[in-house]
Amino acid sequence: MPVQRVVLNSRPGNNGVPVPAHFRLEETTLAPDLEDGEVLVRTLCLSVDPYMRCRMNEDTGVGYVTPWQLSECVDGGGVGVVESSRCSACSEGDVVTSFNWPWQTKAVMKGSALQKVDTQVVDGHLSYFLGAVGITGLTALLGVREKGNVTKGANQTMVVSGAAGACGSVAGQIGRLDGCVRAVGICGSEEKCRALVEDCGFSAAINYRKEDIPAKLQELCPMG
Ligand SMILES: NC(=O)c1ccc[n+]([C@@H]2O[C@H](COP(=O)([O-])OP(=O)(O)OC[C@H]3O[C@@H](n4cnc5c(N)ncnc54)[C@H](OP(=O)(O)O)[C@@H]3O)[C@@H](O)[C@H]2O)c1
């Protein structure tokens with residue numbers, strides 16, 4: 001079966017800016033039959049995240065992610081649907097996710113490496129499994145719960161930098177839900193400031209490109 005995939009074409013160098021030419025789209029062929037434990041999946045959503053920049057280097061610099069290899073299919077968070085299965089844990093039609101999903105239109109994967117998800121949880125918005133209901137939401141949750149020291153009733157204000165990003169926008173909302181009386185976001189445009197306040201429930205937002213951050217923090221968080 002012919003499929004299309006994205007491979008790493010070249011590396012930008014440790015400090016280079018990634019451009020489309022660092023990637024290449026190519027065709028490949030999947031084996032016609034599945035082996036025991038394997039599943040054929042069709043890709044529905046892929047996530048592009050900041051940590052992937054490290055994966056474009058020969059050495060990621062950290063132990064928990066591996067570098068992408070030249071001329072190999074790149075991978076990351078993904079969601080797809082099972083088209084056929086020789087794994088008892090997965091059935092045709094199941095929606096599944098993985099942190100190591102190949103950027104390929106269809107792929108043969110080990111069923112044991114896939115997590116089955118309930119699409120009702122996200123009301124059919126499958127990309128949410130790569131955002132608020134996936135690794136970015138979990139990162140925000142752990143950040144706030146493990147490091148945030150939020151105490152309900154303590155009249156706390158949470159300040160979030162990178163607030164309009166995938167993790168930051170969720171972190172501020174969790175802070176409010178966990179008991180902060182105010183969440184103030186710092187981001188880089190008026191449009192993002194508006195979205196943080198109107199869509200994400202932040203109390204206020206600071207545009208670091210236009211505003212004096214220390215002065216605005218004193219104004220918005222007078223009690224610290
Ligand atoms: N996503 C995950 O699951 C995950 C997991 C572990 C760790 N992390 C780390 O968490 C951080 C945020 O990840 P994310 O997924 O939320 O990324 P994201 O969606 O790309 O958001 C990052 C935000 O950072 C801001 N930013 C970019 N350059 C900046 C600069 N020079 N100074 C200040 N702000 C800047 C951008 O907003 P403005 O344009 O408004 O500045 C952007 O919205 C990254 O360091 C990532 O490696 C993420």
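Residues numbered from 1 in each chain as written. Predicted model: local features only at pLDDT ≥ 70, side-chain atom pairs only at ≥ 80, totals over all residues. Heavy atoms only, no water.

Per an unreviewed UniProt entry, the protein is named 15-oxoprostaglandin 13-reductase, and its organism is Dissostichus mawsoni. Recorded in UniProt for the protein, the comment headed Sequence similarities (unreviewed entry) runs: "Belongs to the NADP-dependent oxidoreductase L4BD family." (UniProt positions renumbered as here; feature names shortened; annotations may be inferred.)

Taking 1.5 Å of rise per residue, the 13 residues of helix α2 (residues 135–147) would be expected to cover 18 Å, and the 17 Å separating its terminal C-alpha atoms lies within 8% of that figure. Within α2 the residues assigned to the buried category are T136, G137, A140 and V144. The arc enclosing the buried residues of α2, seen along the axis, measures out at 105°, which places them on a common side. Residues of α2 that are exposed and angled more than 90 degrees away from the buried face: R145, E146 and K147. Buried residues in α2 make contact with β8 (157–160) and α3 (166–178). In the stretch just after α2, N149 is the one whose phi turns positive, near 50°. (Helix = DSSP H or I, 4+ residues; strand = E, 2+ residues; numbered from the N terminus. Expected span 1.5 Å × (residues − 1). Buried < 20%, exposed > 50% of the residue type's maximum accessible area, 1.4 Å probe, protein only. Arc of directions from axis to C-beta. Contact = heavy atoms within 4.5 Å.)

What the rule picks out here adds up to zero disulfides. Residue C90 stays outside any disulfide, its sulfur separated by 4.5 Å from that of C87, the closest cysteine. Owing to a relative accessible area of 6%, C90 belongs among the buried residues under this scheme. (Disulfide = S-S within 2.5 Å.)

What follows is about the domain arrangement of the protein. The domains assigned to the protein are domain 1 (2–130) and domain 2 (138–220). Between domain 1 and domain 2, the C-alpha centre-to-centre distance is 31 Å. (Domains from an automatic or database assignment.)

The local shell around the ligand holds 13 residues, among which A166, C167, G188, K192 and Y208 are the closest. In this structure, an oxygen atom belonging to the ligand sits 3.4 Å away from a side-chain N or O atom of T139. Separating an oxygen atom of the ligand from a side-chain N or O atom of Y208 is a distance of 2.5 Å. Calculation on the ligand without its partners gives an accessible area of 880 Å², and the protein chains cover 50% of this total. (Near = heavy atom within 4 Å. Polar contact = N/O pair within 3.5 Å; in protein donor to acceptor, adjacent residues only side chain to side chain. Areas by Shrake-Rupley, 256 points an atom, 1.4 Å probe, with all protein chains shown as cover.)

In terms of nonpolar packing, the biggest core is built from 15 residues, with L196 and F202 touching the most fellow members. Looking at this core, the elements that each hand over two or more residues are α2, β8, α3, β9 (182–187) and α4 (190–198). At three residues, the largest contribution of residues to this core is made by α3. Judged by nonpolar contacts, the second largest core, of ten residues, contains V39, W101, A107 and L114. (Core = buried A, V, L, I, M, F, W, Y, C linked by side-chain atoms within 4.5 Å.)

Neighbouring strands of a sheet are bound in pairs by backbone hydrogen bonds; such pairs are parallel or else antiparallel. The five strands lie next to each other as β6-β3-β4-β5-β7, forming an open sheet whose pairing is antiparallel. Because the sheet does not close on itself, it has two edges, and the strands there are β6 (106–110) and β7 (115–116). Pairing analysis gives five bridges linking strand β3 (residues 38–46) to β6, with the strands arranged antiparallel. The residue of β6 that forms the bridge with V39 is M109. (Pairing = 2+ DSSP bridges.)

Right, let's get into the pattern of salt bridges. Under the criterion given, the structure shown has 13 salt bridges. Close ionic contact of D199 with R194 constitutes a salt bridge, the shortest N to O distance being 3.8 Å. With relative accessibility at 30%, the residue R194 sits in the partly exposed group. E219 serves as the salt-bridge partner of K216, at 3.4 Å between the closest nitrogen and oxygen. Remark: E219 and K216 occur in helix α5 (residues 213–220); sequence separation between them is three residues, near one turn of the helix. In the salt-bridge network here, residues are joined through shared partners; they are E191, R194, E198 and D199. (Salt bridge = Lys/Arg side-chain N within 4 Å of Asp/Glu carboxyl O.)

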